[in-house]
Amino acid sequence: MKYLDEFRDPAAVARLAAHIRSLVTRPWTLMEVCGGQTHGIVRSGIDRLLPPQVSLLHGPGCPVCVTPSGVIDAAVVLAARPEVTVCSFGDMLRVPGSGGDLIAARAAGGDVRMVYGPLDALEVARRCPDREVVFLAVGFETTIPGTAAAVARAAAEDVRNFSVLCAHVRVPPALEALLALPDNRVQAFLAAGHVCTIMGLAEYAPIALRHRVPIVATGFEPVDLLQGIAMALAQLERGQACVENQYSRLVRADGNPDARSLIQAVFQVADRPWRGFGTIAGAGFELRPAFAAFDAERRHGRIAAAVEPAASPCASAQVLRGAMRPDRCAMFATRCTPERPLGPTMVSPEGACNAYFRYRGAAGA
Amino acid sequence: MSDADAGCPLPPGEYDCVVRAHGGGGRLAQALLDRIFRPAFDNPWLATRHDGAVLEPGAAPLAFTTDTYVVRPIEFAGGDIGSLAVIGTCNDLAMCGARPRWLSAGFVLEEGLPLATLERVVASMRAAADRCGVAVVTADTKVVERGSGDGIYINTAGIGQIDPGLDIRPASVRPGDALLLSGDPGRHGIAVMAAREGLELQTDLASDLAPLEPAVRALVEAGIELHCLRDLTRGGLAAALGEIAAAAGVRIEIDESAVPVHDAVRAACELLGLEPLQVASEGRFAAFVAGPDAGRALQVLRGQPVATGAVIAGRVTSTGNGQVTVLTGYGVRRPLDVGSGEQLPRIC
């Protein structure tokens, strides 16, 4: 833990906060992309150490949150089939689809299992050869190598009862989508450190250049976050817009080449619907044709949702675009709590609403 | 009888694990009582073989509490379900300012539980009872079919006697009180989780399970003005403070950097996404004392083996309606996250 302590050091935090105060001459709006960063910021309260000219918007970087309800509906439909076992990360079980969540599907008799990763789901498939095991594959570039490894291994070992319901997403096109919104206020991004650990920085340079936004790959601890904020603000104050790397203890410019080639071997870039954004061109991955046998949708047929989507009072779409602060939602801490969530941003430990509920309290900020 | 049979708790021809008939009230049930429970808990109340224990408490006010223990696994580093069932309930009595005196014990045994395990658990209960100065004066056993339990569940109820003049309860907490912690929280919860299958946590951390009554007694005898005590069991420090703040109608502020957290607890919490302040202890408590007594109370606690790591961790700032604020190391205040209490494995 000594390793993390340096990045939580109160003296370093105080120095960085003072540095930022001395740096800022004008109002600036930054977005931290990743939900892990949002939690780090809200939990430590470092947003309150920033000068009033600096606003932080919370970004869409919560994989559970951006997964559209259609994917959950498909998983619920699959779980209801007697021959199917659906495996998923724990958070995903509690995200409401349009007709209920996977917990309810399990209570209704479906075989739904919580796993810690895709390889665990593959293990379920190996152990239960008479079951059709479907892994609900959500997540950003950080988690995709795990799914790729599971699919590659299933192919190599000829495990025929394993498939993935793929909802994997890519960050860079979503940043472009955010910048293209008519009400965009983002002037700089703190890019998600762990995504960059896999993918490196190259994808971000064209975005920084084209949209004139500084992008700083940033870690998750208070010192990381304040350093990333300071680097982005320094660029803004100087009129620069380039890609920088605050999280250099983990992020290399070319990312993790092994992980990237694994992704490359199994997946190809595809258009993907994001909750709050609609379909974003190139913002997701799908299995390459060579691995089509492991695609749950091809294997089990196109899965229509069992119920018509109901109008939801949940404002997670606005929250995910940074257009609404969680505590400004009328449902926040009234009809919507972590125990009875209306939407994914209240469920996930990476969701912004969950962070505000836990660390700002029911009264919000 | 061969050497291999020498350690068998029941004679050959009987069983080496719990069977349904052990709960049936017949000969096997009697054998279980005579061979395991009576020798272990041996005391004058059980010796009467009466339907219940007759107690003579005298004039002192009594504290009465009950708790049910379903921890899995039933044996873990630093304790087992037996020692936990005794010490946990005695600690609840200690938190009322009471000296624990008498316990009842109710056992729900799962068919198939090895009698050797039951013997270990019961021996551990007796050892814990001796440490706490209590006697198990009445007990009951039921057996459920295989698959309906997790080996063994234990309910204990306890009665303790309170010295005259003590008024230790949430309503006694008032603005100006100091909040002391008897030590670093969370070791019990992490030790139990580390013992569970599927969680590959490698740690030599042991549960903090320990009787708290001696430390409470020391505070009382030192004349500390004690307002409220709470052991940091399920829900940890966060839940304890939330409950007391609400019950007392006050605001509490804790100083996050003053709360010591063991490195292994911190590391496990990072890994599992848990908050150390929400993780259970079974040998730690929070004490609300009159502000001016805080320094002296700290010295008294640090002189107690169970509380050598005691700290002053916060204060009652004002009247209120249950708010608990964390002052972070960065000088920022935020509400304490009490957690929803879900998704936690059974740890007590």
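Reading guide: rules and limits
Residues numbered from 1 in each chain as written. Chains lettered and ligands numbered in written order. Predicted model: local features only at pLDDT ≥ 70, side-chain atom pairs only at ≥ 80, totals over all residues. Heavy atoms only, no water. Core = buried A, V, L, I, M, F, W, Y, C linked by side-chain atoms within 4.5 Å. Buried < 20%, exposed > 50% of the residue type's maximum accessible area, 1.4 Å probe, protein only. Helix = DSSP H or I, 4+ residues; strand = E, 2+ residues; numbered from the N terminus. Contact = heavy atoms within 4.5 Å. Disulfide = S-S within 2.5 Å. Phe/Tyr/Trp six-rings, centres within 6.5 Å; stacked < 30°, edge-to-face > 60°. Lys NZ or Arg CZ within 6 Å of the ring centre and 35° of its normal. pLDDT = per-residue confidence, 0-100. Pairing = 2+ DSSP bridges. Axes fitted to C-alpha atoms, helices over the stretch in contact; angles between N-to-C directions.

1. Remarks on the nonpolar core
Counting 90 residues, the largest nonpolar core has Leu102, Phe162, Leu165, Phe189, Phe267 and Trp274 of chain A as its most contacted members. In terms of nonpolar packing, the next biggest core, distinct from the first, is built from 37 residues, Phe76, Leu84, Met125 and Ala129 of chain B among them.

2. Description of helix 5 (residues 69-79) of chain A
Residues spaced three or four apart along an α-helix point in a common direction, a consequence of the helix completing one turn every 3.6 residues. Residues and elements named next belong to chain A. Summarising burial for helix 5: nine of the eleven residues are buried, a large majority. Of all the residues in helix 5, the buried ones are Val71, Ile72, Asp73, Ala74, Ala75, Val76, Val77, Leu78 and Ala79. Tucked inside the fold, the buried residues of helix 5 contact strand 3 (84-88), helix 6 (90-93), helix 7 (102-107), strand 4 (111-114), strand 5 (132-139) and strand 6 (162-168).

3. Notes on unusual backbone geometry
Between arginine 72 of chain B and the following residue, proline 73 of chain B, the backbone shows a cis peptide bond with an omega angle of 0°. Inspection of the secondary structure assignment puts proline 73 of chain B in the loop between strand 1 (62-69) and strand 2 (75-76). Although it is not a glycine, arginine 212 of chain A adopts a positive phi angle of roughly 55°. Within the secondary structure layout, arginine 212 of chain A lies in the loop between helix 12 (205-211) and strand 8 (215-218). Notably, arginine 49 of chain B is not glycine yet its phi reads approximately 55°, a positive angle. With respect to the helices and strands, arginine 49 of chain B occurs in the loop between helix 2 (44-47) and strand 1. Relative accessible area serves as the criterion here: at 53%, arginine 49 of chain B is assigned to the exposed category.

4. Regarding the state of the cysteines
All names here are of chain A. The full count for this structure, using the stated rule, is one disulfide over all chains. Cysteine 62 shares a disulfide with cysteine 65; S-S distance 2.2 Å. Taking the sign of the S-S torsion, about 65° here, the bridge from cysteine 62 to cysteine 65 comes out right-handed. Overall, cysteine 65 belongs to the buried group, its relative accessible area being 0%. Counting only cysteine sulfurs, cysteine 87 is the nearest neighbor of cysteine 128, a cysteine outside any disulfide, at a range of 8.5 Å. We classify cysteine 128 as buried; its relative accessible area is 16%.

5. Focus: the packing of aromatic side chains
Residues and elements named next belong to chain A. For the coordinates displayed, the defined rule picks out eight aromatic pairs over all chains. Here the aromatic residues Phe140, Trp274 and Phe277 are joined through ring pairs into a cluster of three or more. For the cation-ring pair, arginine 249 lies above phenylalanine 7, with the distance from its terminal atom to the ring centre recorded as 3.5 Å. Over the ring of tyrosine 356 we find arginine 360; its NZ or CZ atom is 5.7 Å from the centre of that ring.

6. A short note on the environment of valine 326 of chain B
Residue and element names in this part refer to chain B. By secondary structure assignment, the location of valine 326 is in strand 12 (residues 324-327). Along the primary structure valine 326 and arginine 99 are separated by 227 residues, whereas in three dimensions their C-alpha atoms are 33 Å apart. Not counting residues within four places of it along the chain, the set of residues in contact with valine 326 comprises Ile254, Glu256, Val332, Arg333, Arg334, Pro335 and Leu336.

7. Concerning the confidence of the model for chain B
All names here are of chain B. In the predicted model, chain B carries a mean pLDDT of 91, and the fraction of residues at 70 or more is 92%. Residue range residues 1-8 is modelled with pLDDT below 50. Its contacts to residues more than four positions away, or to other chains, number two contacts. Here the prediction assigns the complex a pTM of 0.83, and the interface score ipTM is 0.74.

8. Some details on the sheet that holds strand 8 (residues 226-231) of chain B
Residue and element names in this part refer to chain B. Here we have seven strands laid out as an open sheet, ordered 8-10-7-11-9-12-13, and mixed in their pairing. Of all strands in the sheet, those with a lone pairing partner are strand 8 and strand 13 (333-335), marking the two edges. Taken pair by pair, the neighbouring strands of this sheet meet at an average axis angle of 25°, ignoring direction. Of the pairings in the sheet, the one linking strand 12 to strand 13 comprises three bridges and is antiparallel in character. Paired with valine 326 across the bridge in strand 13 is arginine 334. Docked against the sheet, helix 7 (residues 236-248) engages strand 7 (178-181), strand 8, strand 9 (250-255), strand 10 (285-289) and strand 12, running at close to 155° with respect to strand 9.

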